[in-house]
Amino acid sequence: MSEFSVRAVAEGEQRACLDVLSESLHGKPATDEVWAKMAPSWLAAGKFAAFDDHGTPVGITSSFEVELTVPGGQKLVTAAVDGVGVRADWTRRGILTSMMAVQLEDLAARGVPLAALHASEAVIYGRFGYGAATFCRGVSVERPRAQLRDGVGRDGVVRFVTPAEAVERVPALYNRFGGTRPGFVSRPAGWWPGFFDRVVTGNDGYRVAVHSGPDGDDGFVVYQTIDTRDRQAPERGALLDIRELHAATPQAWAGLWRFLLSIDLVSAVAGRGRPLDEPLAELVTDPRAVNTTEVIDDLWLRLVDVLAALRARSYGTAEPVVLEVHDKQLPDNDGRYLVGPDGVERTTAEADLRLDVATLSSLYLGHGLFGDLALSGRVEVLNETAVARADALFHTARTPWCGTFF
């Protein structure tokens, strides 16, 4: 059996590492054209790879830094883990475990308090301390059954922009949103070429529309139409599929949905990855025209520095609780934390609740309840009165949502 070693990716090795990632996800090696678009987003910095004894990459883990909004509105530096994979002929040899350990140790040494990712498989990352921290839903709105309520979304105008205009204008527009919802992440300059520009300038027919209100541009939507007509149902219109929709104000959000639901020759407007609390049914006279097609985990979070992360967010009104946290990958996080409305400190007091770092990470942004996870055994209850207090402290009124793929 060949040996492997894990080290930082050097300049010039990125394309070979991207091909390893693509192959692990059953994709194809990047063509010269694809690589030209991906290269600005696929830098050597933040990447670790496993190499065989010939120096060929056989596994990759990659990240770049973003700012993630935590409860209370503070933006916390976060490692966005945007690519993890092992070549099929090298799996089951401990490569993934070794790479994830090196990455976490590097993040801890650099003082990065959080890491986040979108999981290709939900069973993988819990063992490395990640927990599903935000969820999203798929929606499908029937047309023409979905008749808008009077006055909905009339406080602005929507216009198409060309792909070139979208590449130029949308990044600044997204940065205007600021992100008050827990889970919202910034999009650094290097994110756009690989995840946005490549889509809107590609050959898949995506359109970009921008909403303008009294203070200028304040929202955008990216979508494509898919022809679903056939000989048995020639009158059936196209499916309008939303890739992403973001708005700075409720008025801009309603205006964008008015635009989408007013497009002719469309049988349904659908989108994946929408917020769980998006009030689409309130826009139309028949709420049954709005259907949830799936609810799925979205952003997985990992507290790299538990104390720093806990201190960065705000808490609800309740008496403090003492959490005992176990972290097998980063044992410096092991210990007890006194969490209350006035702040967080390490403590030697008796624990009220005991949990591992993956469970704490899943609760960190405000989704889920300690009480529910106690029922499943993920939270060990040492003081029954602490469960309600912990829920009051951690839970947020607004459902956390990310809305950005990486």
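Quoted verbatim from the Subunit (unreviewed entry) field of the UniProt record, the comment on the chain reads "Homohexamer; trimer of dimers." The UniProt entry for the chain carries the following text under Sequence similarities (unreviewed entry): "Belongs to the acetyltransferase Eis family."

**Q** Looking at this structure, I do not really get the domain arrangement of the chain. What am I missing?
**A** Note on interface size: it is often stated as the accessible area lost on association of the parts. Partitioning the chain into structural domains gives domain 1 (4-129), domain 2 (141-297) and domain 3 (306-394). Computed over C-alpha atoms only, the centres of domain 2 and domain 3 are separated by 37 Å.

**Q** Even after reading the chapter, I still don't get the state of the cysteines, so can you show me in this structure?
**A** For the coordinates displayed, the defined rule picks out 0 disulfides. Distance from the sulfur of C136, which forms no disulfide, to the nearest cysteine sulfur (C402) is 9.2 Å. On the basis of relative accessibility, which here comes to 5%, the residue C136 falls in the buried class.

**Q** Explanation requested: the environment of T225 in the structure shown.
**A** Mapped onto the secondary structure, T225 falls in strand 10 (residues 216-226). The class for T225 is partly exposed, based on a relative accessible area of 46%. For the pair T225 and L360, spaced 135 residues apart in sequence, the C-alpha to C-alpha distance is 40 Å. Excluding anything up to four places from it in sequence, T225 contacts A238, L239 and L240.

**Q** Would you mind showing me how to read the side chain of T396 here?
**A** When you line up the elements, T396 lands in the segment after helix 10 (386-394). Residue classification places T396 among the buried residues on the basis of a relative accessible area of 15%. Within the structure, T396 has its side chain in polar contact with the backbone oxygen of R398 (distance 2.9 Å). Contacts of T396, omitting those with residues within four sequence positions, involve P71, P182, R313, L365 and G366.

**Q** Just checking my understanding: could you explain the UniProt feature "binding site: acetyl-CoA" (unreviewed entry) in the chain for this structure?
**A** Within the UniProt annotation, "binding site: acetyl-CoA" (unreviewed entry) is assigned to V84, G85, V86, R92, R93, G94, I95, L96, T97, S120 and E121. Inspection of the secondary structure puts T97 in helix 3 (residues 95-110).

**Q** Hey, could you run me through the UniProt feature "active site" (unreviewed entry) in the chain in this one?
**A** The sites that UniProt annotates as "active site" (unreviewed entry) are Y125 and F406. If you trace the backbone, Y125 turns up in the loop between strand 5 (114-118) and strand 6 (131-132). Judged by its relative accessible area of 5%, Y125 falls in the buried class. With near-sequence residues (within four places) excluded, Y125 lies in contact with V84, M100, L117, A119, Y130 and W300. Considering the arrangement of structural elements, one finds F406 in the segment after helix 10.

**Q** Explain the side chain of T69 here, please?
**A** Along the chain, T69 turns up in strand 3 (residues 57-69). Its relative accessible area of 1% is what places T69 among the buried residues. Not counting chain neighbours up to four residues away, the residues in contact with T69 comprise Q74, K75, G178, G179, T180, R181, P182, G183, F184 and L365.

**Q** Whenever I open this one, the sheet that holds strand 18 (residues 353-356) confuses me. Can you help?
**A** For sheets, the rule is that strands pair by backbone hydrogen bonds, running either parallel or antiparallel. The strand order across the open sheet formed by 5 strands is 17-16-15-18-19, and the pairing between neighbours is mixed. Every other strand in the sheet has two partners, leaving strand 17 (343-347) and strand 19 (380-381) as the edge strands with one partner each. Examined bridge by bridge, strand 18 and strand 19 share 2 bridges and lie antiparallel to one another. By the bridge assignment, L353 is partnered in strand 19 with V381. Sheet contacts for helix 10: strand 15 (321-326), strand 16 (335-340), strand 18 and strand 19; angle to strand 15, the most-contacted strand, approximately 85 degrees.

**Q** Where do I start with the environment of K37 in this structure?
**A** You can see K37 is positioned in helix 2 (residues 32-38). Residue classification places K37 among the partly exposed positions, given a relative accessible area of 28%. The sequence separation of K37 and E345 amounts to 308 residues, and the corresponding C-alpha distance is 46 Å. If we ignore the near neighbours within four places in the chain, the residues touching K37 are P193, G194, R198 and T201.

**Q** What is the right way to look at the packing of aromatic side chains in this model?
**A** The description of an aromatic ring pair rests on the distance of the ring centres and on the angle between the ring planes. In this structure the tally under the stated criterion is 16 aromatic pairs. An angle of 10 degrees between the planes, with centres 6.2 Å apart, marks the rings of F177 and F220 as stacked. Note that F177 is positioned in helix 4 (residues 163-177) and F220 in strand 10, a separation of 43 residues in sequence. Neither residue differs from the other here; F177 and F220 are each classed as buried. Members of the aromatic cluster, each reached through a chain of ring pairs, are Y174, F177, F184, W191, W192, F195, F196, F220 and F405. Stacked on the ring of F51, the Lys or Arg R7 has its end atom at 3.8 Å from the ring centre. The ring of W90 is capped by R93, whose NZ or CZ atom sits 4.4 Å from the centre of that ring.

Rules used throughout
- Residues numbered from 1 in each chain as written.
- Predicted model: local features only at pLDDT ≥ 70, side-chain atom pairs only at ≥ 80, totals over all residues.
- Heavy atoms only, no water.
- UniProt positions renumbered as here; feature names shortened; annotations may be inferred.
- Domains from an automatic or database assignment.
- Disulfide = S-S within 2.5 Å.
- Buried < 20%, exposed > 50% of the residue type's maximum accessible area, 1.4 Å probe, protein only.
- Helix = DSSP H or I, 4+ residues; strand = E, 2+ residues; numbered from the N terminus.
- Contact = heavy atoms within 4.5 Å.
- Polar contact = N/O pair within 3.5 Å; in protein donor to acceptor, adjacent residues only side chain to side chain.
- Pairing = 2+ DSSP bridges.
- Axes fitted to C-alpha atoms, helices over the stretch in contact; angles between N-to-C directions.
- Phe/Tyr/Trp six-rings, centres within 6.5 Å; stacked < 30°, edge-to-face > 60°.
- Lys NZ or Arg CZ within 6 Å of the ring centre and 35° of its normal.

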